[in-house]
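Residues per chain are reported as follows:
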Amino acid sequence: MASFSKSQKVVGVNEGGYQNDPRDSGNYYQGKLIGTNWGISAPVLATYLGRTITKSDMVNLSLSTAEKIFKINYWLRNNFDKLKNQSLATLIYDGAVNHGTNGMRMLIERALKVVKRPMSYYQVFTTKGIKHLNGISQKRLFDAVKKARLDKYRSSKQTHYINSWVSRVNRINYYSGNSFSEIWKYTAMMVIGFTLILISIL
């Protein structure tokens with residue numbers, strides 16, 4: 001099953017530290033420019049702390065607290081720990097952080113139609129939904145989800161963010177994560193190589 005710490009290493013690089021770009025709606029809370037830190041938006045931090053927040057709260061948000069919020073609000077709440085492929089889990093988790101959970105649900109629904117394994121928007125992050133995702137070709141689903149995310153970015157009117165958004169997604173690449181399979185392939189290649197050497201000698 002997928003590891004939060006492995007996926008968070010990627011998301012952490014993508015999100016960086018504090019920023020307060022006034023063009024980003026996620027930087028506002030109750031009409032005030034609060035900013036984001038480690039990818040945590042002002043509304044998300046306010047909900048986590050259970051109170052009205054200030055710019056100082058956001059600036060002083062520690063990485064460890066941010067990671068707790070990510071793990072509780074995104075990773076565990078959406079059952080990403082039950083996804084079997086690490087790279088697919090990272091792509092989906094990163095999308096939930098960047099597009100929002102509801103936005104990512106819609107993109108998964110779109111991707112599932114592409115791979116002809118449709119499922120309702122409301123079900124995709126339930127235990128049943130995750131089991132459904134695990135039963136699909138992981139590479140095929142990864143490619144469909146990645147395309148859905150890229151298409152979403154490229155259709156955005158916020159053109160000043162598109163290059164960084166596209167780069168963000170393109171940093172996440174697919175790998176099987178099946179160590180036995182990879183070892184078998186490597187062993188087979190070695191056997192073939194030695195066989196060819198023996199044949200050439202004889």
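Located above this text is the structure these notes cover.
In what follows, the accompanying structure is described. Quantities reported herein were computed from a predicted structural model and do not represent experimental measurements. (Residues numbered from 1 in each chain as written. Predicted model: local features only at pLDDT ≥ 70, side-chain atom pairs only at ≥ 80, totals over all residues. Heavy atoms only, no water.)

Some remarks on the overall build of the chain
At step 1: A count of helices and strands for the chain gives ten helices and two strands.
At step 2: Helices (α) and strands (β) of the chain occur, in sequence order from the N terminus, as α-β-β-α-α-α-α-α-α-α-α-α.
At step 3: Taking all 202 residues of the chain together, 42% fall into the buried category.
At step 4: Taking the contacts inside the chain whose residues are at least 6 apart along the sequence as the reference set, 52% of them involve residues at least 24 apart.
At step 5: On the chain, roughly 11400 Å² of surface is accessible, and the fraction owed to carbon and sulfur atoms is 58%. (Helix = DSSP H or I, 4+ residues; strand = E, 2+ residues; numbered from the N terminus. Buried < 20%, exposed > 50% of the residue type's maximum accessible area, 1.4 Å probe, protein only. Contact = heavy atoms within 4.5 Å. Areas by Shrake-Rupley, 256 points an atom, 1.4 Å probe, with all protein chains shown as cover.)

Some remarks on helix α7 (residues 127–134)
At step 1: Inspection of α7 places G129, I130, H132, L133 and N134 among the buried residues, and these make up the whole buried set.
At step 2: Contacts made by the buried residues of α7 are with α5 (86–99), α6 (101–114) and α8 (138–154).

Here's the deal with the nonpolar core
At step 1: One finds I92, Y93, I108, L112 and V145 to be the most contacted residues of the largest nonpolar core, which totals 52 residues.
At step 2: Those elements that provide at least two residues to this core are α1 (4–15), α2 (42–49), α4 (63–76), α5, α6, α7, α8 and α9 (162–170).
At step 3: Beyond its immediate sequence surroundings of up to four residues, Y93 is in contact with F4, S7, Q8, V11, F70, Y74, W75 and F80. (Core = buried A, V, L, I, M, F, W, Y, C linked by side-chain atoms within 4.5 Å.)

Structural notes on the packing of aromatic side chains
At step 1: What the rule picks out here adds up to twelve aromatic pairs.
At step 2: With 5.8 Å between their ring centres and 50° between their planes, F70 and Y74 make a pair best called tilted. Here Y74 and F70 lie together in helix α4, a separation of four residues that amounts to about one turn.
At step 3: In this structure Y74 comes out as buried when scored by relative accessible area, which is 10%. (Phe/Tyr/Trp six-rings, centres within 6.5 Å; stacked < 30°, edge-to-face > 60°.)

Side note on the packing of α2 against α4
At step 1: For the pair α2 and α4, interaxial distance at closest approach is 11 Å and the crossing angle is 90°. As judged from the angle between their axes, α2 and α4 are roughly perpendicular. Across from V44, L45 and Y48 in α2, the residues of α4 making contact are T65, K68, I69, N73 and Y74.
At step 2: Class assignment for the residues of the contact of α2 with α4 results in five nonpolar, two polar and one charged. (Axes fitted to C-alpha atoms, helices over the stretch in contact; angles between N-to-C directions. Parallel < 35°, antiparallel > 145°, perpendicular 65-115°, else oblique. Nonpolar A, V, L, I, M, F, W, Y, C, P; charged D, E, K, R; others polar.)

Considering a nonpolar patch on the surface
At step 1: Residues Y48, L49 and I72 make up a contiguous nonpolar surface patch of roughly 240 Å² in combined accessible area.
At step 2: Here I72 shows up in helix α4.
At step 3: For I72, a relative accessible area of 42% translates into the label partly exposed. (Patch = residues over 30% accessible without salt bridge, like charges linked within 9 Å, V, L, I, M, F, W, Y side chains within 5 Å. Salt bridge = Lys/Arg side-chain N within 4 Å of Asp/Glu carboxyl O.)

Observations regarding unusual backbone geometry
At step 1: For W38, which is not glycine, the phi torsion reads 55° and is therefore positive.
At step 2: Backbone geometry at N79 places phi at a positive 65°, although glycine is not the residue there.
At step 3: With respect to the helices and strands, N79 occurs in the loop between α4 and α5.
At step 4: Classification of N79 as buried rests on a relative accessible area of 13%.

Side note on the packing of α1 against α5
At step 1: The interhelical angle for the contact between α1 and α5, taken along N-to-C directions, is 45°, at an axis separation of 9 Å. One element, α1, and the other, α5, form an angle in the oblique class. When you trace α1 past α5, the crossing you get is right-handed. Within the contact between the two elements, α1 uses F4, K6, S7, Q8, V10, V11, N14 and E15 and α5 uses Q86, A89, T90, Y93, D94, V97 and N98.
At step 2: Partitioning the contact of α1 with α5 into residue classes produces six nonpolar, six polar and three charged. (Left-handed = near helix turned anticlockwise from the far one by under 90°.)

So, the layout of surface pockets
At step 1: Taken as a whole, the largest pocket spans an internal volume of roughly 840 Å³.
At step 2: In this structure, the largest pocket is lined by 29 residues; those nearest its centre are E15, D24, N98, W165 and R168.
At step 3: Residue assignment for the lining of the largest pocket shows that the elements contributing at least two residues are α1, α5, α8 and α9. (1 Å grid on protein atoms, 1.4 Å probe; cavity = no way out; pocket = protein on both sides within 12 Å on 5 of 7 lines; lining within 4 Å. Points joined across faces, edges and corners; volume = space filled by probe spheres on them.)

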